[in-house]
Amino acid sequence: MALFGLFNKKKKESLDKGLEKTKESVFKKLSRAIVGKSKVDDEVLDNLEEVLISSDVGVDTTLRIIERIEERVQRDKYVGTDELNRVLKEEIVDLLKENNSTDYDALSLPEGHGPYVIMVVGVNGVGKTTTIGKLAHKFKDAGKSVVLGAADTFRAAAVDQLVIWAERVGVPIVKQGMGADPASVAFDTLSKAENADVVLIDTAGRLHNKINLMNELTKIKKVMQKVIPDAPHEILLVLDGSTGQNAYEQAKQFTLATEVNALAITKLDGTAKGGVVIGISDQFKIPVKYIGLGEGMEDLQVFRKNEFVDSLFGENA
């Protein structure tokens, strides 16, 4: 059982609402793809390919899905267009399983001593600081003690924003002045958080120079390890789902710069590009842990593949 109980009706309604634009767009396109057809044939598959690519699932992932459906059609001898949605959902869920997107309680912490350290990375504007604030709220709600570290010292606004979230959630924050060494802030945070359950470290999101980004993130990690040898335990990359293909490029740059092992995909409520979650999980083989579905404190959800695919392609279709 998950930390906050089974996936409840309220969360499912929020998920449905958040993915409404993508679902509407996918359904319209799917309906056109199968119009006048009773059987899934090459033409239907070609049309389905277009639907998935235009929903930002990505070319490579789309081709894998189509290939799986082709195999299914051959194996089952006959697949009617009325069954296409069900088959599509099953194959996508299986694909997500293979890509290490296991449904697990993202808020339960491994047993061990000392705080669980999460370094949060991502470019400016993707909702990184907001995601940290909402995560802090979730962990606190689950009975964990949380400390925030404001290591995005490149922008004064980033520190100010994180301070507002810390006050709103009611958790301590460690910060220094603007322009301070981010590694120094991270060191300071860990030194002061030895009794905390979770430490969330914000980092600067500049991508204009990959070498600088890589060096900075490596330095932050090395300095943190002076306090906690195996920190950070998680490097969470935050991506803006509404940017579609641009999110793939960001994922590529950050996975080259540091060992990202978890993803949060935000702003899915304002876009018809929800397919990006499937594509990024498949392309990078990194589990999607959280999805952002709105501005509210509760609108960051733990990712559950079955419910996500159900919401995206219509639960009763």
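Look up: the structure comes first, before these words.
Rules used throughout
- Residues numbered from 1 in each chain as written.
- Predicted model: local features only at pLDDT ≥ 70, side-chain atom pairs only at ≥ 80, totals over all residues.
- Heavy atoms only, no water.
- Helix = DSSP H or I, 4+ residues; strand = E, 2+ residues; numbered from the N terminus.
- Rg over C-alpha atoms; globule rule 2.2 N^0.38 Å.
- Buried < 20%, exposed > 50% of the residue type's maximum accessible area, 1.4 Å probe, protein only.
- Contact = heavy atoms within 4.5 Å.
- Areas by Shrake-Rupley, 256 points an atom, 1.4 Å probe, with all protein chains shown as cover.
- Lys, Arg positive; Asp, Glu negative; His and termini not counted.
- Charge placed at Lys NZ, Arg CZ, Asp CG, Glu CD.
- Pairing = 2+ DSSP bridges.
- Axes fitted to C-alpha atoms, helices over the stretch in contact; angles between N-to-C directions.
- Phe/Tyr/Trp six-rings, centres within 6.5 Å; stacked < 30°, edge-to-face > 60°.
- Lys NZ or Arg CZ within 6 Å of the ring centre and 35° of its normal.
- Salt bridge = Lys/Arg side-chain N within 4 Å of Asp/Glu carboxyl O.
- Right-handed = clockwise from strand over helix to strand, strands pointing away.

1. Some words on the overall build of the chain
Turning to step 1, where the next piece is worked out: Looking only at helices and strands, one finds 12 helices and eight strands in the chain.
Turning to step 2, where the next piece is worked out: Taking 317 residues into account, the globule formula puts the C-alpha radius of gyration at 20 Å, and the chain, at 21 Å, falls close to it.
Turning to step 3, where the next piece is worked out: Expressed as lengths along the three principal axes of its C-alpha atoms, the size of the chain is roughly 65 × 40 × 30 Å.
Turning to step 4, where the next piece is worked out: Counting every position in the chain, which comprises 317 residues, the buried fraction comes to 54%.
Turning to step 5, where the next piece is worked out: Once local pairs closer than 6 in sequence are excluded, the contacts in the chain between residues at least 24 apart make up 77%.
Turning to step 6, where the next piece is worked out: For the chain, the accessible surface area stands at approximately 13,900 Å², while carbon and sulfur atoms represent 49% of it.
Turning to step 7, where the next piece is worked out: Within the chain, one finds 42 positive and 48 negative side-chain charges whose respective centroids are separated by 3 Å.

2. Considering the sheet that holds strand β8 (residues 300-302)
Turning to step 1, where the next piece is worked out: Taken in spatial order, the eight strands make up an open sheet running β3-β2-β4-β1-β5-β6-β7-β8, and their pairing is mixed. Each having just a single partner strand, β3 (173-174) and β8 make up the two edges of the open sheet.
Turning to step 2, where the next piece is worked out: As defined by bridge partners, strand β7 (residues 288-292) adjoins β8 across three bridges and the pair is classed as antiparallel. Paired with Gly-292 across the two strands is Leu-300, which belongs to β8.
Turning to step 3, where the next piece is worked out: Most of the contacts of helix α8 (residues 182-192) go to strand β2 (residues 146-151), to which it runs at about 165°, and overall it touches β1 (116-121), β2, β3 and β4 (198-203).

3. Let's talk about the packing of aromatic side chains
The way to describe two aromatic rings as a pair is by their centre distance and the angle between their planes.
Turning to step 1, where the next piece is worked out: Evaluated as defined, the whole model comprises one aromatic pair.
Turning to step 2, where the next piece is worked out: Looking at Arg-168, its charged tip hangs above the ring of Trp-165, at a distance of 4.4 Å from the centre.

4. A short note on the pattern of salt bridges
Turning to step 1, where the next piece is worked out: Within the structure shown, the criterion is met by 24 salt bridges.
Turning to step 2, where the next piece is worked out: Between Asp-56 and Lys-273 there is a salt bridge whose closest N-O contact spans 3.5 Å. Taken as a pair, Asp-56 in the loop between α3 (42-54) and α4 (59-76) and Lys-273 in the loop between β6 (262-266) and α11 (276-284) lie far apart in primary sequence, 217 residues in all.
Turning to step 3, where the next piece is worked out: Overall, Asp-56 belongs to the buried group, its relative accessible area being 7%.

5. Quick notes on the pairing of β2
Turning to step 1, where the next piece is worked out: By the criterion of burial, β2 is predominantly enclosed, with six of the six residues buried.
Turning to step 2, where the next piece is worked out: The side-chain alternation of β2 yields two buried faces, one formed by Val-146, Leu-148 and Ala-150 and the other by Val-147, Gly-149 and Ala-151.
Turning to step 3, where the next piece is worked out: As defined by bridge partners, β2 adjoins β4 across six bridges and the pair is classed as parallel. Opposite Val-146, over in β4, you have Val-198 as the bridge partner.
Turning to step 4, where the next piece is worked out: Sheet topology note: the β2/β3 ladder contains two bridges and is parallel. When the bridges of β3 are listed, Gly-149 appears paired with Val-174.
Turning to step 5, where the next piece is worked out: Taken together, β2, helix α7 (residues 156-169) and β3 form a β-α-β motif whose crossover is right-handed.

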